[in-house]
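# Examination of the molecular architecture
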2 protein chains.
Amino acid sequence: MGISVTILGSNSAIPTTERRPTAQIVDVNQDYTLVDCGEGTQIQLRKYGIKFQRISRILISHMHGDHYFGLIGLLNTMHLLCREKDLHIYAPAPLQKIINIQLEAAHSKLRFNVIYHELSMGNCGVICESKQVDISSTPVKHRIDCFGFVFQEKSHGINIRKEAIQQHNLTLEEILQVKAGKDVIRESGELLKNKELIVDPAPLAKYSFISDTKPNPSYLDAIQDSDLLYHEATFMNDMSKRANETFHSTTTQAADVALKANCKRLIIGHFSSRYHSLEPLLNEARQTFKNTELAVEGAVFNV
Amino acid sequence: MGISVTILGSNSAIPTTERRPTAQIVDVNQDYTLVDCGEGTQIQLRKYGIKFQRISRILISHMHGDHYFGLIGLLNTMHLLCREKDLHIYAPAPLQKIINIQLEAAHSKLRFNVIYHELSMGNCGVICESKQVDISSTPVKHRIDCFGFVFQEKSHGINIRKEAIQQHNLTLEEILQVKAGKDVIRESGELLKNKELIVDPAPLAKYSFISDTKPNPSYLDAIQDSDLLYHEATFMNDMSKRANETFHSTTTQAADVALKANCKRLIIGHFSSRYHSLEPLLNEARQTFKNTELAVEGAVFNV
């Protein structure tokens, strides 16, 4: 169990021969969510051997092309590969029309259903509840409407310790009470406290994705206590003026967010094409938040 | 002078990790035309060191995504790289709306003018006349409206042989007559034939691009006597039924077109993803047309 994040692309708008635009797979027990889908994402999925058809849903943070230009190609390929399973897309309103106009131009009809869920800045919160995970949107601060996403792993239910069953000779009825989270009070008046009967629950993983944005309090509550935070860090600190003008973050600002929100680990990404080596960005962020890593393509982060 | 063709992608709809969808640069004396623009074309341009801003015009053969999904990303990058030069796009009607709706969603306005020229099946012929080359469209036979393109290099003017000037002691007026393509008749009645005074003109290169199509007489006249023909060959001969159903060509059909149209050389491309090795396709085509080569990415063909 837990959450695993695979980076498919980590560059900002201008792609380089080495780095692709934003895309990542969030894997919760083999149920895949694709977060953003820059140009060439389908090639990256192939490169890293990730099965297209395991993708249950796609989240698009905003309508800048480096976050969605690869989507129409991916849908087309899913169609050609005979996908039949429904696909849920969570995106700002204009996306549906953009996809449909391109399908119409090709006289194409996808073999599978696409269910669109419109993201709206005024209505953030839980957007998807699956068996494994709740996914929420949170407003960030970019030049156009833009959303962060929070993945909160769900409880896998209560397991009773075998020894407790034997020790107290629990009846079936009592076991059901314990599994429902209740204490057991016996006819004799004996109290068996729930927490003393059960296996300590595994910690539930929380992963937050924040890109593109300038640092802003709007999303701090939502990402609080994340085990892992992806936060854009387009620029180094000497470009903080440019970062502010373009509604992006610097390395230190991203690290500062991780610190303020009490996150355990930080991944920085969405690097400007001007940076050939990423080590200086990593070093700069680590001065503020030690547990920082780079969103390098192909890297897998387990929560 | 002459024409040079660089292959950027040569695969059919489903991209592989090895082969990209259709795109190629036709270079006529450093004036670049991009023909088709599948997803990832901008990365391929970078990979092969081709300057984006030298692209004067883009031709889109048809509205299947493997021929144009990379266009919006390329335009976006040209904008970010501060292009100011006009860009001419020749494409079926739906393209303009598809591009504009995506720019609107991003609240973007390109820094440069895009001039759209609508391709129409009922109105094929010369679509662009530059100093160096005339470009024509020709109707092909696909599932949706689809166009082939013919590049005809233009005459570079008449050059008079130095020896002829000295031998006949040509006056300025006579030289101008010769350069205008006329014979010279002197007062004495002496006739100096034009063709005996001038340098043999260099042969004018002709390059034809035909994809996607089943073999069809509709484009044979237009591509007649091409020095170089690119013709799609999606399938090998054992898949001829599938080729026919999907309005594509087999290797032998492509080779047969080159033969019928009296072309000097043939490049085959638009290969189905099912083929890992392309040698069998090459060998099959060569049985019918010996001067065949594969559209391998990065390959440059000089005419």
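Residues numbered from 1 in each chain as written. Chains lettered and ligands numbered in written order. Predicted model: local features only at pLDDT ≥ 70, side-chain atom pairs only at ≥ 80, totals over all residues.

Our focus in this paragraph is the overall build of chain A. Helices and strands together make up the secondary structure of chain A, namely 10 helices and 16 strands. Taking the principal axes of the C-alpha coordinates as reference, chain A spans close to 75 × 50 × 35 Å. Across the 303 residues that make up chain A, the buried fraction comes to 44%. Considering only residue pairs separated by 6 or more positions, chain A has 64% of its internal contacts joining residues 24 or more positions apart. (Helix = DSSP H or I, 4+ residues; strand = E, 2+ residues; numbered from the N terminus. Buried ≥ 20, exposed ≤ 12 C-beta atoms within 10 Å, placed from the backbone. Contact = placed C-beta atoms within 7 Å.)

Size of an interface, as often reported, equals the accessible area lost when the parts are brought together. What the domain assignment reports for chain A is domain 1 (3–156 + 202–302) and domain 2 (162–197). Distance between the C-alpha centres of domain 1 of chain A and domain 2 of chain A: 44 Å. (Domains from an automatic or database assignment.)

We now examine the interface of chain B and chain A. Taken together, the contacts link 30 residues of chain B with 30 residues of chain A. Within the residue set of the side of chain B that touches chain A, elements represented by two or more residues are α1 (41–47), α2 (71–80) and α3 (94–105) of chain B. Per-element accounting of the side of chain B that touches chain A gives the leading share, 6 residues, to α3(B). Counted by class, the side of chain B that touches chain A contains 14 nonpolar, 12 polar and 4 charged residues. (Nonpolar A, V, L, I, M, F, W, Y, C, P; charged D, E, K, R; others polar.)

Residues and elements named next belong to chain B. Reading across from one edge, β6-β5-β4-β3-β2-β1-β16 is the order of the 7 strands in this open sheet, with mixed pairing throughout. Lying at the two open borders of the sheet, with one neighbouring strand each, are β6 (114–118) and β16 (300–302). In this sheet, neighbouring strand axes are inclined to one another by 20° on average, regardless of whether the strands run parallel or antiparallel. In the sheet, strand β4 (residues 55–59) pairs with strand β5 (residues 87–91) via 3 bridges, with the strands oriented parallel. What sits directly across from Leu59, in β5, is Tyr90. (Pairing = 2+ DSSP bridges. Axes fitted to C-alpha atoms, helices over the stretch in contact; angles between N-to-C directions.)

We now examine the sheet that holds strand β9 (residues 147–153) of chain A. Backbone-to-backbone hydrogen bonds join strands into a sheet, with any given pair of strands oriented parallel or antiparallel. All names here are of chain A. The strand order across the open sheet built from 7 strands is β7-β8-β9-β12-β13-β14-β15, with neighbouring strands paired in mixed fashion. Since the sheet does not close on itself, it has two edges, and those belong to β7 (125–129) and β15 (292–294), each with one partner. Across the sheet, the mean angle from the axis of one strand to that of its neighbour is 20°, orientation sign disregarded. Across 5 bridges, the pairing between strand β13 (residues 228–232) and strand β14 (residues 265–269) is parallel. The residue bridging Glu232 from the neighbouring strand is Gly269, located in β14. Of the strands in this sheet, β14 and β15 touch helix α10 (residues 279–288), which is tilted by about 165° from β15.

Moving on, we get to the relation of the copies chain B and chain A. Between the two copies, chain B and chain A, the superposition gives an RMSD of 0.1 Å; the rotation angle is 180° and the shift along the axis is 0.0 Å. Here the copies are linked by what is in effect a two-fold axis. For chain B, the smallest separation between a C-alpha atom and the rotation axis is recorded for Gly40(B), amounting to 2.9 Å. Mapped onto chain A, 100% of the interface residues of chain B again fall at the interface, so both copies present the same surface. (Least-squares fit on C-alpha atoms with pLDDT ≥ 70 in both.)

The next point concerns the environment of Tyr32(B). Residues and elements named next belong to chain B. Within the fold, Tyr32 resides in strand β3 (residues 31–37). Of the residues examined, Tyr32 has 21 C-beta atoms within 10 Å and is grouped as buried. In this view, Tyr32 contacts Ile25, Asp27, Arg54, Ile55 and Ser56; residues no more than four positions away in its chain are not counted.

Before going further, it helps to spend a moment on the environment of Ala254(A). Residues and elements named next belong to chain A. Tracing the chain through its elements places Ala254 in helix α9 (residues 251–260). Sequence separation of Ala254 and Gly40 is 214 residues, and the distance between their C-alpha atoms is 26 Å. Excluding residues that lie within four positions of it along the chain, Ala254 makes contacts with His231, Glu232, Ala233, Ser249, Leu266, Ile268 and Ala285.

So, about the environment of Glu232(B). Residues and elements named next belong to chain B. Structurally, the position occupied by Glu232 is in strand β13 (residues 228–232). Linking Glu232 and Ala93, residues 139 residues apart in sequence, is a C-alpha distance of 23 Å. Setting aside chain neighbours within four positions, we find Glu232 in contact with Ile210, Ser211, Asp212, Thr213, His248, Ser249, Ala254, Gly269 and His270.

Another aspect to go through is the packing of helix α3 (residues 94–105) of chain A against α3(B). Relative to each other, α3(A) and α3(B) sit at 165°, their axes nearing to 10 Å. In terms of orientation, α3(A) lies roughly antiparallel with respect to α3(B). In terms of crossing hand, the pair formed by α3(A) and α3(B) is left-handed. Residue-level contacts link Pro94(A), Lys97(A), Ile98(A), Ile101(A), Gln102(A) and Ala105(A) of α3(A) to Pro94(B), Lys97(B), Ile98(B), Ile101(B), Gln102(B) and Ala105(B) of α3(B). Across the contact of α3(A) with α3(B), the residue classes break down as 8 nonpolar, 2 polar and 2 charged. (Parallel < 35°, antiparallel > 145°, perpendicular 65-115°, else oblique. Left-handed = near helix turned anticlockwise from the far one by under 90°.)

The next point concerns the pairing of strand β1 (residues 3–9) of chain B. Residues and elements named next belong to chain B. Most of β1 sits inside the fold, with 5 of its 7 residues counted as buried. As paired elements, β1 and strand β2 (residues 23–28) share 6 bridges and run antiparallel to each other. Bridge assignment links Val5 to a residue of β2, and that residue is Val26. Looking at chain direction, β1 and β16 are connected through 3 bridges and run antiparallel. Following the sheet pairing, Thr6 is matched in β16 by Val300.

Residue and element names in this part refer to chain B. Running from N to C, helix α9 (residues 251–260) and helix α10 (residues 279–288) point in directions that differ by 35°, and their axes come no closer than 8 Å. Judged by the twist between their axes, the crossing of α9 over α10 is right-handed. Together, Thr251, Thr252, Ala254, Ala255, Asp256 and Leu259 of α9 and Leu281, Glu284, Ala285 and Thr288 of α10 make up the contact between the two elements. Tallied by class, the residues present in the contact of α9 with α10 amount to 5 nonpolar, 3 polar and 2 charged.

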